[in-house]
Structures are given as C-alpha cells and as structure tokens.
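Secondary and tertiary structure notes
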Amino acid sequence: MTIWTLAIVAFLLICIIDAWNLPSLRKSTNDLESEAHSYLVELDQLSSQKCYESYVAEWAYATDINDENEKVKLELSLDSAKFSKEISQNVTATFPLWREFKDPDLVRKLKKITILGAARLPDDQFKKYAQLETDMTKHYSTTTICSFKYKETCNLSLEPELTKIMRESRNEEELRHVWTEWHDKSGGPIKQTYKKFVEISNQAAKLNDFNDTGALWLNSYESETFKDDVEELWQTLKPLYQQIHAYVRAKLRNVYGDQFSDDGLIPAHLLGNMWAQSWENIDSLTSPYPNKASIDVTEQMIQQGYTPLKMFQVSDEFFTSLGLIAMPDEFWKESLIEKPDNRQVVCHASAWDFCNGKDFRIKQCTRVTATDLVIVHHEMGHIQYDLLYKDQPYFYREGANPGFHEAVGDTLALSVITPKHLKEIGLLDESIPIDDYETSINFLFSMALNKIAFLPFSYLIDKYRWDIYDGTVDESQYNTHWWRLRKEYQGIKPPNARSEANFDAGAKYHVPANVEYLRYFVSTIIQFQFHRSLCIEAGQYDPLDPKKPLHNCDIYRSKAAGSKLAAGLSMGSSKPWPEVMRVITGQEKMDAYAIREYFKPLEKWLTAANEEMGEIPGWK
Ligand code: X8Z
Ligand code: ZN
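Bear in mind the structure is a predicted one, so any value in this text is a computation, not a measurement.

Throughout the structure, instances matching the rule amount to 35 salt bridges. Salt-bridge contacts for D123 lead to K85; the nearest nitrogen and oxygen are separated by 2.8 Å. A residue pair is termed long-range when its members are at least 10 positions apart, and D123 in helix α6 (residues 123-142) and K85 in helix α4 (residues 67-94) qualify at 38 residues. Judged by its relative accessible area of 29%, D123 falls in the partly exposed class. For K85, a relative accessible area of 12% corresponds to the buried category. For the salt bridge of K195 with E475, the shortest nitrogen-to-oxygen distance reads 3.7 Å. Here K195, found in helix α9 (residues 191-207), pairs with E475, found in the loop between α19 (437-469) and α20 (478-490); they are 280 residues apart in sequence, far enough to count as distant.

Structure (structure tokens):
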C-alpha cells in the first residue's frame, strides 16, 4: 500500500465516522423533530430572559439619554445579538435539515429563529451598526432650534414646541423658519452616518440570505406579491387622494396665495405637520362647512381639566368595555406618559413589551390634544396586542405582520372619535347636532385629512429606502430622490431650495431610528377592514341601511366585537397573516373596499366641490 492509498483510506474512514456522528443521519426524523420541540421549549425561557434584560437597558436609555445608559444599552444589545446568533447556529448545526421537518409549526418557529437581521453580523460589525443607529436617534431626539419670534431662545424641541407651532401657527414666515431649521439641523448632519448605516445594514441582510435590507423588511409580510399588492392599493386610492389634495390646495391658496405657482404642488410647510404626513391640523382653514359647530375636542379636553393620565384611563376604559384586557398595575406604575423636564428622552411615542408577561409600558410625551388622544389609543393598541399573545411561544409573540400591530389602536380610535362617541364620553356638547349631512361631511373631511393624506407619505418612505438599499439610488442622490418621491406621490414641494447638503428624509424619526414604515400604510388599509367587520359584529353598521353608515359606527361596549378581535390577535404570528385576517374580517386579503366605503359620501362631495371651483386634481 502506498502512502497515498493509506491517506485515502484514512480520509474515507473519517468521513464515515463523521457521517455517523451527524445527528441528522443517525436519528430518525421523528426523533429529531421531538428533540427540536424540546429545544424550543427550553429556549423559550432563556430568550424571554435575554429579551427582558436588553429592554430594561434600552428603556433606561430612552427615558434618560446619557453616556452611562448608552454604554449599558449597547452592551446589552450586543449580548442579546450574540445570544440570537448562538441559538440560530445551534439550530443549523443540530438540525441541518430542519426545513424538511414534517411539522409545519416547527418549521415556522425554526425559520423565525434563523432570520436574525442585524444580529447576524460579526460582533465588531454589530457594534458599529448599533452605535450608528444610536447616534442617529440621539441626534434626532436632542435636536433643538431657535425661535422665530424670540431669536435668542434656542432650545425649542420637536415635542412639544415645534409640533405646536406647525399645528397652530398661520404665519407663513414662522412656519417656513421652523420647517427649514428642523430639516437642516436634524436631517443634514446625519447624512454620512446614514450612508455608513445603509452599508452595514445591507451586509447584515446578505448574511441572512436576502439581497438587501428592503428585501429583508418585506419578508415579514410573507408574500411574494406584497410590493405589487401595495402598489395596486395605492392606485385604487390615488384618485381620492388627488381630490382631497386639490380641494386643500384651493383652500390654502386663499390663505397663502403667493406661496403657490401653477405646478399644482402644495408647499410642505403649510399643512399643519412637520412632514406633511397628516393634515388634520389645518381643518379649521379647509373645513367644507366652516359655520357648523366644530367637532375638534381639544378645547373641551383642556376645559375639562384632562391630563395625560386621564387620557390613558379613557382609552383603557374603551378597551375593557369591549371585554378586552385592562392594563396591568405595572403598566400604570412604570410607563412614562409625560415629558420630564430634568433630562433628555426619546420623545417619539412607543409601546414596550418586556417579554416577561408582566411588564408592559408606554413612553409618550403626551399633550392634551385630540390628536394625542388618538395616539394614546394607538399606543394602547400595541400593548393590548402584546397582552393578548403573551401566552404564545416566544417566537410567536409579535404581530401577524408589522401592519397588524399598528392597526389595533387605530381601529378602536375610529369608533372613539365619532361625534356620537365623543358625546357619550362628554367631550362634545349634547346640544351640537351631529346627524345632519353637513356635519357628516365635515367629520369625514377631517378624517380624510388624517387618513387619506397619510397614504402616499406612508408608502413613499419605504419606497425611498427600498431604492437606497437596493442601490438604485446612491448617496449623491439621497435628497434629490426624496423630493422626487415627495412630489410624485404627495404632490408637495419644499418651501425653499434643497440640495445634497441636506438630508430631509433624516428629519423623520423612523429613518434615523431605522423603523420600517410600510407598516403604517398597511395599517391604514386594514384598520378600515377591521372596523367594518367589528361594526357588523356590533350591529352598528349595515351595508344595506343608509341610516347606519360605516363612518358613524361606534363599537363601544360590544363584547361580540371585542371577542372577534381578540380571537385574531391572540394568535400572534403563529399563522400567516391572511389566516388572522380571516378570523377578524372573514376575508384573507388586504383590500381598499372598506376604506372607500367609509369615505364614499366625501369622495362624491369633493369631486363636486372641485368641479364647481374649477380645481383640477393632480399636479405637474
Ligand atoms: O410612529 C408612530 C407611533 C409609534 S408606532 C407614534 N406613528 C407613525 C408616525 O408618527 O409617523 C403612528 C402614525 C404614524
Ligand atoms: Zn405604532
């Protein structure tokens, strides 16, 4: 025997021994599946614990931005990423053929374990990634600008001062100042950081076997056709958006005439909101029947001495009236519902599930306004969802898709803000007539300023990021592309010249904070589907009865509606979202029928009003 033959024999022996040791070859599939089951049960406890630890550190930082809290938060998030990586590697090493397991539920869980996002990065790269994200969010949360009226006052924050000016000021120069300063100071300085962030984020996506981060985000919707489905929904609703855009443009032209040219675009600083994302704050300038009594309850809330706490109690009462779960004691004890004045915090509202089945909190710099009352319900919807699926296995404790999580509180809020309900809870005077046609149109109009105006914005933010992540657009075009989409989809333009020295997308929280945004578009569509179905369940809406239109429905106190919603939400992500959708609505698809049905009387009214004014919907 030559030395070569010996070497080959030895090599073959090693291979045979190795193969014998490979559990997948040694054990039957049934054995392996039951082993995987046990591993997952064991993991549940450990994962919850890790998750709890990292959220405690993250909460400490978000509610008190300082260097020490930042350091601890970053350490804990690295620790948590290492843990996720380790368990995912364990799964692939121990069960290399897990994709071929017979139990679809087991495969679903293992799939969730092996898609790690940024945690898949090597440790040093993960550290960079987390540091960049933290730097950008910190910059956003701590940016201040100088006042327009009092030039030496330079400590105005987004919440509450700038939001209030954008909401209330009708002084074009002041609005322009605030808009420009905020965009220049919050967005511009993070442009280079964002570019680096995009690179590392894409590396992570590739390590997870996705082409880029946009593809990784879309994966949560579990549908090959999702992008096309969303585009189709937008095309269905675009005519309605164009009607409201044209009507608002005509009304604003009467107020700020010299700001408009014949391109048909609306200047972005005149719409009552820093990002022109929803326009309800210019209701008083644009209302169809301005002589009718106002249905904005902000004044009433102030007069009645509402506090942030009272707003959360009112919301809790609505949830429990449906037979849903009351907020636990820990929630009331630990939440932060007012902006503290002794430290810096991440003011952007958020809801937190600490993964231990006990600790659930909201962080919100709540103001006593009707808009914030809706945001309170929005955040409470997140916690309600967390509570409903808290007994699911760890990897199913999430929304059926990200849009579902955003839709829960908004669905309830569609009832809460009906004039009928506001009367019932004493926020609208009993003597105000609400059943007449003109008040209905006013109400639907204010809802459209919120929901319909939001559609193109909630779509374009991720269209923009998809284009960046897949390389269609590079850093030399970051700002140009942003305004290309803002113009194309929203029909708006910046109040002054912008250049590539600016990074205006970075002036919106979810870009520096790296939060996917398509979820809000999806939510806006499906919350009307949920509302319609729950309203039928509550006997509050009858498609055949003109006296019971969808927009008047209030599901308050309907246990039937509550239990239908709970049945779907308590499934968490244990089943693909169409199945959850079927439980709640009886249908498996997202569709625009319900939202169109809701706004039908307004669409008719707007079309006629624009025609009468000779205002042609659309822009150049
Ligand atoms: O970010 C939020 C919530 C937290 S999930 C306050 N929203 C989006 C935004 O503020 O841009 C709710 C509506 C859209
Ligand atoms: Zn939300």
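Taken together, Q277, H348, A349, H378, E379, H382, E406, F454, K508, H510, Y517 and Y520 form the complete shell of residues around ligand 1. Here an oxygen atom of ligand 1 and a side-chain polar atom of K508 are 2.7 Å apart. Between ligand 1 and H510 there is a distance of 2.9 Å, counted from an oxygen atom to a side-chain nitrogen or oxygen. When isolated, ligand 1 has an accessible area of 370 Å², and the protein chains bury 81% of it. Sorting elements by how many residues they give to the shell around ligand 1 places helix α16 (residues 370-388) first, with 3 residues. Residue composition of the shell around ligand 1, by class: 4 nonpolar, 5 polar and 3 charged.

One can describe the packing of helix α11 (residues 226-255) onto helix α24 (residues 593-613) by two numbers: an axis separation of 9 Å at closest approach and a directional angle of 45°. Classified by the angle between their axes, α11 and α24 sit oblique to one another. At the point where α11 passes α24, the crossing takes the left-handed sense. Of α24, the residues touching α11 (which contributes T236, L237, L240, Q243, I244, A246, Y247 and A250) are I595, R596, F599, E603, W605, L606, T607, A609, N610 and M613. The class makeup of the residues in the contact of α11 with α24 is 12 nonpolar, 4 polar and 2 charged.

Reading guide: rules and limits
Residues numbered from 1 in each chain as written. Chains lettered and ligands numbered in written order. Predicted model: local features only at pLDDT ≥ 70, side-chain atom pairs only at ≥ 80, totals over all residues. Heavy atoms only, no water. Salt bridge = Lys/Arg side-chain N within 4 Å of Asp/Glu carboxyl O. Helix = DSSP H or I, 4+ residues; strand = E, 2+ residues; numbered from the N terminus. Buried < 20%, exposed > 50% of the residue type's maximum accessible area, 1.4 Å probe, protein only. Near = heavy atom within 4 Å. Polar contact = N/O pair within 3.5 Å; in protein donor to acceptor, adjacent residues only side chain to side chain. Areas by Shrake-Rupley, 256 points an atom, 1.4 Å probe, with all protein chains shown as cover. Nonpolar A, V, L, I, M, F, W, Y, C, P; charged D, E, K, R; others polar. Axes fitted to C-alpha atoms, helices over the stretch in contact; angles between N-to-C directions. Parallel < 35°, antiparallel > 145°, perpendicular 65-115°, else oblique. Left-handed = near helix turned anticlockwise from the far one by under 90°. Contact = heavy atoms within 4.5 Å.

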